[in-house]
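Chain by chain, the residues run as shown.
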Amino acid sequence: MRWLNNIASRAAFGFAVVWGLTAVAVVGSVVLARDASDVLEGTLIGYADDLMHASQAQFAAERMVAVGRGYLLTREPELLARAKEAESDLDVSLHLLDRGDARPSERALLREVQSSASRYRQLLDQSFDTTSATEDRAARANVLRDRLLPAREDLGVKLGTLVAHKQSLQLAARLRAGQMAARSVRVTTGLGGLALILSAILAWLFTRRLGEVSRLERAMAQRATRALVAKEELLHVIAHDLRSPLTAIVLRAASMALGHRDEDMARSAAAIQSICERMRRLIQSLLDAATVDAGRISIAPARFPVETVIMAIMETFGPEARSTSVHLDWEVTPPQLAVWADRERINQVLSNLIGNALKFTPAGGSIKIVVHEEGANVRFEVKDTGIGIRPENLPHVFERYWKSDAQARKGAGLGLYIAKGIVEGHKGRIWVGSSPGGGSSFQFELPIPEMRAEENRPSLATSPSPVAPKGSLAGRDQHAHG
Amino acid sequence: LASLLVVDDDRDLAEAIVTALESERHEIRIANHGGEGLERIYEHRPDLILLDVQMPALDGPAMVRRLDPLDRDGSPIPIVLMSGIDGLATIAERLGTSFFLRKPFGVDNLIHVVRAALEGHSASRP
């Protein structure tokens, strides 16, 4: 079972790895996708801003020329103010174009734009100053236009270059964002697929492994069953071969006892017969135990009154109990209680229990068989006032070949094992309660099958004695009860 | 006084049965397997057969089946089956006899069943 646990823990580990991979894939792809969308949004906004600022700058430069010319022609101070206003607009636009995150190449182009702009403003200011003395307004305006236009064109070109450059940078950024998005999809798909494949492999591996385990277990169980059945069959063969010579010994001993008037010889012959009887019981026990081992105990159930089997038991064990001064008594409530079971087998169980009780109950003690209904079961109890069982031995009494120290000299230690097998063959259960010096109480319960439950209720109204013991047993009923 | 045939592959048991039945003063023959049993029956028709179930070559039930045709003209020979096999009662019933001895059996049982079978009583459960 330990290596099965290993499989379980390895499976848990494997699936943890798969889940980890899946989690990393999900988190990674979320991060990548978010980055990509940030970049995309940033570049789009930046691009629109730059275009706007550049066109505002050009517009301001245009206004400077137009308003400047107007001022030179009219000398209106208001026009001069507007020219100055356009100048500051140009400054603002250029300043806005100069963003903090600009790259070196961008910055160089920006500086060129700025120097071109300052040259332009210088030229404009100079023309306002130098031309103030000259009176020919038209000439002044023409001079202004001739000197300023190339500078303005230069500024326009520089601005155009800057915007184009920014545009190319933004395009690159957009491409990068696209690549990131694509990569995030690739990473997600890849890791997810990997996790899927790994989990499939793991599932396959462990399914196969567990299948192997259960197959092995089945094979082992089959082998064990086959071995037990083989053992049972072998025992049957041996038992058959043993029974014939045993019969021969029994018959010879009987002939010996009859043929001789010698008392010693007769005693020996009787002893041989009782030894043979022990051997017969031992062979039967070995066979029954092997049958229980092989799980092939045969149960031929029929409905019978509990009292009939108790009568048979009393008949068998009454003389022995009397000879050892043990009071053997019984009680069945209600008296007509019937069970659905194999009568011979139940007799065997009770015989084993009573036989044990007699072995361990000293003279003057008592043994009582109590049978009553207990819910959906019929409960049998055999309690004695014997020496009891030590607590450490209690869990073992139903094991095969178990013997108490006191019992070690006789019996095979199979009686309780067989009793358990028979009771369990009836789908019942058997247990024991005992304490050293306080006697023992062996109990077993047989289920009343539901279909039979009604049958088991004694119907006193319709028949006064529905299950009276029959035949020769009836006569001994009262006698044994007393 | 009756004539009995004991058919059992265990010679010790067959002879022990002969000894145990001495007091009954029957004339008893022995056969060690079914084939020999049939021979003995041809030679001298017995009044009762004590028959083992499991024997090499020709077993008890097979011997009884071969015996059946012989019985057509007369009444069948009563048979007592002897075995330690499970389901002995069923085997006996199938062979049409209600007499059987479960091995190992005692001398009292043996005498009781032999008497009952000879007298033709049906209730003979040992």
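All values reported here derive from a predicted model rather than from experimental measurement. (Residues numbered from 1 in each chain as written. Chains lettered and ligands numbered in written order. Predicted model: local features only at pLDDT ≥ 70, side-chain atom pairs only at ≥ 80, totals over all residues. Heavy atoms only, no water.)

Some thoughts on the overall build of chain B
When helices and strands are counted, chain B shows five helices and five strands. The helix and strand sequence of chain B, counted from the amino end, reads β-α-β-α-β-α-β-α-β-α. With 126 residues in all, chain B has 52% of them scored as buried. Put simply, 61% of the contacts in chain B that link residues at least 6 apart link residues at least 24 apart. A total of about 6000 Å² of accessible surface is found on chain B, and carbon and sulfur atoms cover 46% of it. (Helix = DSSP H or I, 4+ residues; strand = E, 2+ residues; numbered from the N terminus. Buried < 20%, exposed > 50% of the residue type's maximum accessible area, 1.4 Å probe, protein only. Contact = heavy atoms within 4.5 Å. Areas by Shrake-Rupley, 256 points an atom, 1.4 Å probe, with all protein chains shown as cover.)

Some points on the confidence of the model for chain B
Per-residue confidence for chain B gives a mean pLDDT of 85; residues scoring 70 or more make up 90%. Taken together, the stretch residues 122–126 of chain B has pLDDT below 50 and engages in 10 contacts with residues farther than four places along the chain or on a different chain. (pLDDT = per-residue confidence, 0-100.)

Notes on the sheet that holds strand β5 (residues 377–384) of chain A
Residue and element names in this part refer to chain A. Strand order in this open sheet of five strands is β2-β4-β5-β7-β6, and the pairing throughout is mixed. Unpaired on one side and paired on the other, β2 (327–333) and β6 (429–434) mark the two borders of the sheet. Neighbour to neighbour, the strand axes of the sheet diverge by 15° on average, direction disregarded. The sheet contact formed by β6 and strand β7 (residues 440–447) spans six bridges and is antiparallel. Bridge pairing in β7 places tryptophan 431 opposite glutamine 443. The sheet strands contacting helix α6 (residues 306–323) are β2, β4 (366–374) and β5, and the helix crosses β2 at an angle near 175°. On the sheet, helix α7 (residues 343–360) packs against β2, β4, β5 and β7 and is oriented at approximately 20° with respect to β5. (Pairing = 2+ DSSP bridges. Axes fitted to C-alpha atoms, helices over the stretch in contact; angles between N-to-C directions.)

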